[in-house]
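Overview (structure and organization)
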Amino acid sequence: MFCMHCAAPIIVCAPHCSQCGSRLPVAADLTPATPPRTTSPWRDAGRLTTMLLPFAMALLVGGWFAWSVLSVHRDETAAYRRAESALVIGDYGGAVEAFAQAGSYRDAAERRIATQQLLAPIRTAYLDAMTALEREEFDIAIALLEPIAESMPGFEDVGVRLEEARAGQRRALERDVDLATVHRDWMAADDALSQLIELYPDEPSYPQRLQRLRENHAPLIFVREGMLYQIGPDGQDESLLFDDFPVAAPQWSPDRRYITFFDGSAGRSAVTTLYLFEYRTGNLEIISDWAAPDPFIAWRADSSKLAFVVNAATSDMKPSDRTRLALFDPAALKLDLLPLPSADAKSASELDGITSPTWSPEGDQLAYVAIWRADPPEPHNTNGFADVYVTDLTTGTARNLTDHAIPHAAYVTWSPASDDLLVWESRVGVAWADSAETAIWLLNASTGQRQRLTSRADTTGWPSWSPDGQSYAVVAGGFTIVLRTLTGTELIRAEAEWPLAGRITWSPAGTHLLAVAASPNHPSSILHVGQENDALIPLPIASDGQWPNLGPQWSSWDAPWIET
């Protein structure tokens, strides 16, 4: 190696030339250059991949996490919506499950707890229903299961259990009918068959059985020596119902749940106590201590109200005054008084009494006879005069329908199918049905239009509407039962062997009528209206005949649950 300036040999690693003193290059500068190395592209790519892999993994994990969060959010949102939809249809069980699946979405946890609280009584009711089923208390089980099946048809097996309860109830009712028939408890058989008809209206055998039962065995009630009895129309199955004290003028409610009667110790001109007797339990309630012993009390067709005459119960009134109508609610044991009708506009008159209340078919109006004492007294008319009124029970307003046109009106009865009234007129006012001079009028409650149906020379008893409201039955001449249309056509005329009092009641089936004998020593008469043979069936019953007793009677035929 030589110096670049003088070409003299140089000593390796010497900083200067020994000959000319020039600076020599360092050893690194004298090192020959290393030729470039040739590298593999795959090795470079691998190196790059190694460098980027952590970033790729981070992106992958982040994406997966984001996707997971989004998926969970989507599932929880869907579950929350399902829960809300379940609440709308009343599926509380499904709502609880869906709110639980919604996790922490919005207020899902709080709403799940709230829904569980709503579900608790339903679950309790379901468990109570299962207990009732095990005890064969089918009515209770049905009452508990029906609301659940209606609001939550998917809850447990409520549908299956409800059908099980209904089938058990049907078997039990059919068994009750059979047992009651064996024991000749016709009212119990009637009750069970009526329930079966209501529950299974498409089963034809139930109405047929009930019709036969009511035709042959529907009991009548009557009073003998002050004691209340019932008896079948065939004269069998007599039984004592009440004998704690003397009673008078018993009358069924249309649903035959109750019987009303007066304290039998009261005379015709005194006030007395009216009682409510529950047929099945024998429970006794006082309706009023100021009732007039007027047998013409009236039950509303649905048995929800009773109308009767009371004394106004003021200190300046005589016990014989009967100047107010009372309405009694047997469910609430509540008594209300109707307002008095307005004073007569044609003359200065004083209200002397009210009688014969009768309900409109809808039960929103009440017709009755108001008797006025003329002031000054009219010649040859010491009893004053009477008018027929209708009171609207919604407004309390009363309308005079007759305005002196039927001055001797003594009894009124409303058609079961229209606004027509039948008014019985007697020359002596409120009197026994065998009055010497009577007449029957047809009066429309809406228009006031009236028409006399019988001659004043006829002697008739109180008219009684047929179940369809197209005709009426009446005792004429004291011995003859007549069924006549409103146009005057006679459908039936049957002669009784013994005198009749004039009181007619229809059987619950609407196929028979009973005309009460004038004397308890003579038989009453039963007529089968549907037969061509007009022969009367005698019914010998010794019953009390003094006022206000009107003899044996069936329950009302116009009860809403009766199928005729």
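Notes on the structure in this doc start here. Numbering of residues begins from 1 in every chain and follows the order in which that chain's sequence is written. Whole-chain, interface and lining totals are the exception, using all residues; otherwise, since this is a predicted model, local features are given only for residues with pLDDT of at least 70 and side-chain atom pairs are given and counted only at 80 or more. In computing side-chain values, all of the structure's heavy atoms are included and hydrogens and water are not.

Things to note about the overall build of the protein chain
Which entries qualify depends on this criterion: For helices the rule is a DSSP run of H or I covering at least 4 residues; for strands it is a run of E covering at least 2, with both sets numbered from the N terminus onward. For every residue, the accessible area (1.4 Å probe, protein chains only) is compared with the maximum for its type, and the residue is labelled buried under 20%, exposed over 50%, or partly exposed between those bounds. A contact between two residues is defined here by any heavy atoms of the two lying within 4.5 Å. In short, Shrake-Rupley with a 1.4 Å probe defines the accessible areas, and a residue's cover is counted only from the protein chains shown.
Tallying secondary structure elements over the protein chain gives 8 helices and 27 strands in all. Across the 564 residues that make up the protein chain, the buried fraction comes to 46%. The contacts of the protein chain with a sequence gap of at least 6 include a subset with a gap of at least 24, amounting to 44%. If you sum the accessible surface of the protein chain, you get close to 28800 Å²; carbon and sulfur atoms cover 54% of it.

Quick look at the packing of helix H6 (residues 158-182) against helix H7 (residues 186-199)
Defined as follows: Where helices are involved, their axes are fitted lines through C-alpha atoms of the stretch in contact, as for all axes, and angles between N-to-C directions lie from 0 to 180°. When an angle is under 35 degrees it counts as roughly parallel; over 145 it counts as roughly antiparallel; between 65 and 115 it counts as roughly perpendicular; any other value is oblique. Two helices cross in a left-handed way if the nearer one is turned anticlockwise from the farther one by less than a right angle. They cross in a right-handed way if the turn is clockwise. For this scheme, ten residues count as nonpolar: Ala, Val, Leu, Ile, Met, Phe, Trp, Tyr, Cys and Pro. Four count as charged, namely Asp, Glu, Lys and Arg, and the remainder, Gly too, count as polar.
Two elements in contact, H6 and H7, have axes separated by 8 Å at closest approach and are oriented at 155°. With respect to each other, H6 and H7 are oriented roughly antiparallel. Seen along the crossing, H6 lies across H7 with a hand that is left-handed. Contacts between H6 and H7 involve Gln 169, Arg 170, Leu 173, Glu 174, Asp 176, Val 177, Ala 180 and Thr 181 from the former and Trp 186, Ala 188, Ala 189, Ala 192, Leu 193, Gln 195, Leu 196 and Leu 199 from the latter. A breakdown of the residues in the contact of H6 with H7 according to their chemical character gives 10 nonpolar, 3 polar and 3 charged.

Digging into unusual backbone geometry
Of the consecutive residues Trp 547 and Pro 548, the connecting peptide bond is found in the cis state with omega at 10°. Backbone geometry places Ala 249, a non-glycine residue, at a positive phi of 55°. Here Ala 249 is to be found in strand S4 (residues 247-252). The phi dihedral of Ser 356 falls on the positive side, at around 60°, and the residue is not glycine.

Brief notes about the sheet that holds strand S22 (residues 480-485)
Quick reminder of the rule: Two strands qualify as a pair provided that DSSP identifies no fewer than 2 bridges between them.
Read from one edge to the other, the open sheet built from 4 strands follows the order S20-S21-S22-S23, with strand pairing classed as antiparallel. Each end of this open sheet is capped by a strand with a single partner; those strands are strand S20 (464-465) and strand S23 (490-495). Alignment of strand S21 (residues 471-476) against S22, held across 6 bridges, turns out to be antiparallel. When the bridges of S22 are listed, Ser 471 appears paired with Thr 485.

Regarding empty space enclosed by the protein
We apply this condition: Both site types are read off a 1 Å grid over the protein atoms alone. A 1.4 Å probe that fits but cannot get out defines a cavity, while an open set with protein on both sides within 12 Å along at least five of seven lines defines a pocket; lining residues have an atom within 4 Å of a point. Grid points are joined across faces, edges and corners, and a volume is the space filled by probe spheres set on the points.
Tallied over the entire structure, the rule returns 3 cavities of 30 Å³ or more. Put simply, the largest cavity is a space of about 50 Å³. Around the largest cavity, the lining residues are Ala 249, Pro 250, Gln 251, Pro 295, Arg 503, Pro 548, Leu 550, Gly 551 and Gln 553. Tallying contributions element by element places S4 first for the lining of the largest cavity, with 3 residues. Its residues assigned to classes, the lining of the largest cavity shows 5 nonpolar, 3 polar and 1 charged.

Remarks on the packing of aromatic side chains
This is how the line gets drawn: Under the pairing criterion, centres of Phe, Tyr and Trp rings, with the six-membered ring standing for Trp, must be within 6.5 Å; the plane angle then separates stacked pairs below 30 degrees from edge-to-face pairs above 60, leaving the rest tilted.
Tallied over the entire structure, the rule returns 18 aromatic pairs. With centroids separated by 5.6 Å and ring planes inclined at 70°, the aromatic side chains of Tyr 80 and Phe 99 adopt a geometry described as edge-to-face. Here the residue Tyr 80 occupies a position in helix H2 (residues 41-88), and Phe 99 occupies one in helix H3 (residues 92-101), the gap between them amounting to 19 residues. No difference in accessibility class separates Tyr 80 from Phe 99, as the two residues are buried. Centre to centre, the rings of Tyr 126 and Phe 155 are 5.4 Å apart; their planes meet at 80°, and the pair counts as edge-to-face. In this pair, Tyr 126 sits in helix H4 (residues 108-134) while Phe 155 sits in the loop between helix H5 (138-151) and H6, placing the two residues 29 residues apart along the sequence. Note on Tyr 126: relative accessible area 9%, which makes it buried.

Observations regarding H6
Stated precisely, the cut-off is as follows: Residue count minus one, scaled by 1.5 Å, sets the expected span of a helix.
For H6, spanning 25 residues, the distance from its first C-alpha to its last is 36 Å, which sits close to the expected 36 Å at 1.5 Å a residue. Among the residues of H6, those classed as buried are Val 158, Leu 162, Ala 165, Gly 168, Gln 169, Ala 172, Leu 173, Val 177 and Ala 180. The elements touched by buried residues of H6 are H4, H5, H7 and helix H8 (205-217). Taken from the residues just after H6, Arg 184 is the one with a positive phi, measuring 55°.

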